[in-house]
Amino acid sequence: MADVIIGIGNDSRGDDGIGPRVAEAVPARLGLETLAVHQLVPELAERLRTADRVLFIDARIDGTSIRLDRIGPEAHRGVGHSCSPESLLGWTQLAYGTVPEAWLLSVPGRSFGMGEGLSASAEARIPDAMGRIETWLDGRGTPDPTDGEEVA
Amino acid sequence: MERQIRIEPVTRIEGHAKITVFLDGAGDVRDAQFHVTELRGFEKFCEGRTLWEMPGLTARICGICPVSHILASAKACDEILAVRIPETAVLLRRLMNLGQIVQSHALSFFYLSAPDFLLGWDADPATRNVVGLVAEHPELARKGIRLRAFGQEIIDRLGGKRIHPAWAVPGGVNRSLSAEDRRWFLDNLPEAMDTIRGTLDLFKASFDCEARGVLGEFTSMYMGLVGSDGTWEHYDGRIRIVDQDGSIVVEGHDPSRYFDIIVEASAPWTYLKFPHYEPMGFPDGMYRVGPLGRVNVCEAFGTPEADAGLEAFRAEASRCSGKVFDYHYARLLEILASLERIGVLLDDERILSPRVRAEAGVNRLEGVGIHEAPRGTLIHHYQVDDDGLIEKANFIVSTGHNNLAMNRAVAEIAKMYIHKGDVTEGMLNRIEGGIRAYDPCLSCSVHAVGQMPIVLDVVDADGGLAQTVTKE
């Protein structure tokens, strides 16, 4: 049984770095692999094929609240240097015939210009994001009542 | 009446580009242009920053090839420090660069290009992609994933699994190799070797020399670094340029004096400059770099299996291949050579030494760092003040070197397949394939990002839009 958390984003583009920042802050635990990546790449399918569950963490350009959405594989036409969480899941299913249960935790960002460091508002959302991740980790195998809804 | 055909943008490459094909009054191809349409201007961003920041800063030029920029930048900074870095640091930088070549070439071949030619140029676009490749060659696709992952794992383990690791630093590297990581590399190397051997066999069985002419063939010079004995080189070495016959044009040129022989021209229709061999002028000084460039300039790879592969390659064609499609063949040979060299490096006990960095201050006011990135020769050139602040930075990236050649390739393919103004899906596929053979990274060359579908405009000589063809 294995969970994978993947934080996605560019830490040189302001709040886009929130995914890796949050992922790297998740405490280590047995059966959990945590990755911080600049972008999703096709070979991550190798990691996902043996996972039971995966949580993607990414910045969002709209909205004001953190969202936790259940996502699934997307039929797609190809892969390149990067891909979306849904297309990575689709690629995993295609290449290996299996795909883990998947969620996307999206955290609203405010500033995506050149430069390192998060904006104050993004920084303030980190505790909420960590709480959502703890719930996700502890609630394995049970439906999340807030799926698809904006929270906190 | 003359017409223009525009393809914009080109898919499955890194960055934005479009293609314009100019037709004459009879509807045959007169010329073609490969446009790069965005600019980010990293050379200006770097002015005023310290040299110590440069490897980490220039890594941000590209999310695809940060390793290449880190290494070229660190080498330029070594020159400014005027140090000879520890031998273990050299071994580790070489290992990192070979991992980068393996992962980058594997992505280019398996994910981006193989669907074109293993499934057929005229195959339905809905299946002529890596999804179709999985359906047709499932084991090959899965092995391609693992081969690229092996190269990425080398980078991750050396760099510490951080995004844009500032691992190569002025004076060496900031982290030595652990015995555990070395063991992992050695344990997984045989599988990677088996994959590339099988892929080469499939490739050679699928395409004879004649079939490899599908993307055109033209005469040019070739440039790359070679060792003192003329062997394939990727990290150090000196500049060699050969002509289409393999005759030496430039031999043993000091890389730090690249500007004696290479200059850049500009054109008003593209942000991507045109480096060329200065003594022959623009555009006659066209040369090609990258996998085919390196394979054509070297005498040998210097490792047994790659050398056997090189011998077979040359036996089928000639000393220097001018076929655009042979970039793919050369890419596979380079993966094989890189894996063999990775084995040699890992067998060297010095690679575990903890002495990996030379400490020094600013001892020179100028430095040039050159090495072979997957796509070709990468040049970083810095001038600093006494405090090590960058006063001027010049980057000549691999894709830039190939700019003239990519334009030529597009024109050659268009001439092969467009007659009387008849534009077909298959023609578009081949033109795109001709560009993709060079695996251009426009993120690096002008630092644009993104991928988009294709829109083809047919414009008459008066500037009127005669036809638009869109490909999602």
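Residues numbered from 1 in each chain as written. Chains lettered and ligands numbered in written order. Predicted model: local features only at pLDDT ≥ 70, side-chain atom pairs only at ≥ 80, totals over all residues. Heavy atoms only, no water.

Helix and strand content of chain B: 14 helices and 16 strands. Looking at the 472 residues of chain B, the share that counts as buried comes to 64%. For chain B, the share of sequence-separated contacts (at least 6 apart) that also reach a separation of at least 24 residues comes to 70%. Carbon and sulfur atoms provide 48% of the accessible area of chain B, an area that totals close to 16,300 Å². (Helix = DSSP H or I, 4+ residues; strand = E, 2+ residues; numbered from the N terminus. Buried < 20%, exposed > 50% of the residue type's maximum accessible area, 1.4 Å probe, protein only. Contact = heavy atoms within 4.5 Å. Areas by Shrake-Rupley, 256 points an atom, 1.4 Å probe, with all protein chains shown as cover.)

Detail in the predicted coordinates should be disregarded across regions flagged by low pLDDT. Of the residues in chain B, 85% reach a pLDDT of 70 or more, and the chain-wide mean stands at 86. Across residues 443-454 of chain B, where pLDDT falls below 50, the model places 60 contacts with residues more than four positions away in sequence or in other chains. (pLDDT = per-residue confidence, 0-100.)

Attention now moves to the packing of aromatic side chains. A complete count under the given rule lists 17 aromatic pairs over all chains for this structure. Residues B:Phe109 and B:Phe110 carry aromatic rings whose centres are separated by 5.2 Å and whose planes lie at 80° to one another, so their mutual orientation is edge-to-face. Among the residues examined, B:Phe109 registers a relative accessible area of 2% and is labelled buried. Ring pairs connect the aromatic residues B:Phe109, B:Phe110, B:Phe203, B:Phe207, B:Phe313, B:Phe325 and B:Tyr329, which therefore count as one cluster. In this structure, A:Arg49 is placed above the aromatic ring of A:Tyr96, and the distance from its NZ or CZ to the ring centre is 4.9 Å. (Phe/Tyr/Trp six-rings, centres within 6.5 Å; stacked < 30°, edge-to-face > 60°. Lys NZ or Arg CZ within 6 Å of the ring centre and 35° of its normal.)

A separate point is the sheet that holds strand β6 (residues 221-226) of chain B. Residue and element names in this part refer to chain B. Reading across from one edge, β8-β7-β6-β11 is the order of the four strands in this open sheet, with mixed pairing throughout. With one partner strand each, in any of the chains shown, β8 (248-253) and β11 (287-288) form the two edges of the open sheet. As judged from the five bridges shared by β6 and strand β7 (residues 238-242), these two strands associate in the antiparallel manner. Each residue of the ladder has a partner; that of Leu225, found in β7, is Ile239. (Pairing = 2+ DSSP bridges.)

With that settled, consider the environment of B:Gly246. All names here are of chain B. Mapped onto the fold, Gly246 is located in the loop between β7 and β8. When the C-alpha atoms of Gly246 and Leu200 are compared, they prove to be 24 Å apart, with 46 residues separating the residues in sequence. The residues contacting Gly246, other than those within four sequence positions of it, are Arg319 and Cys320.

Attention now goes to the environment of A:Glu24. Residues and elements named next belong to chain A. Tracing the sequence through the fold places Glu24 in helix α1 (residues 18-25). Residue class for Glu24 comes out exposed when judged on its relative accessible area of 53%. In this structure, the C-alpha to C-alpha distance between Glu24 and Thr135, residues 111 residues apart in sequence, is 17 Å.

Right, let's get into the sheet that holds strand β12 (residues 366-373) of chain B. All names here are of chain B. The strand order across the open sheet built from three strands is β12-β13-β14, with neighbouring strands paired in antiparallel fashion. With partners counted over all chains shown, the strands left at the sheet margins are β12 and β14 (390-396), one partner each. Between one strand axis and the next, the sheet turns by 10° as a mean value, whatever way the strands run. Relative to β14, strand β13 (residues 376-384) is paired through six bridges, and the arrangement is antiparallel. Residue Val384 lies in a different strand from β14, and its bridge partner there is Ile390. Sitting on the sheet, helix α3 (residues 66-81) is in contact with β12 and β13, with an inclination near 150° to β12. (Axes fitted to C-alpha atoms, helices over the stretch in contact; angles between N-to-C directions.)

So, about the pattern of salt bridges. One pass over the full model with this rule turns up 38 salt bridges over all chains. We note a salt bridge from B:Arg49 to B:Glu53, for which the minimum N-O separation is 2.8 Å. Residue classification places B:Arg49 among the partly exposed positions, given a relative accessible area of 33%. Across the salt bridge formed by B:Glu191 and B:Arg146, the nearest N and O atoms sit 2.4 Å from each other. Residue B:Glu191 is found in helix α7 (residues 179-206), and its partner B:Arg146 is found in helix α6 (residues 138-159); the two are separated by 45 residues along the sequence. Its relative accessible area of 33% is what places B:Glu191 among the partly exposed residues. One salt-bridge network, in which partners are shared between bridges, spans A:Glu33, A:Arg47, B:Glu153, B:Arg157 and B:Asp181. (Salt bridge = Lys/Arg side-chain N within 4 Å of Asp/Glu carboxyl O.)

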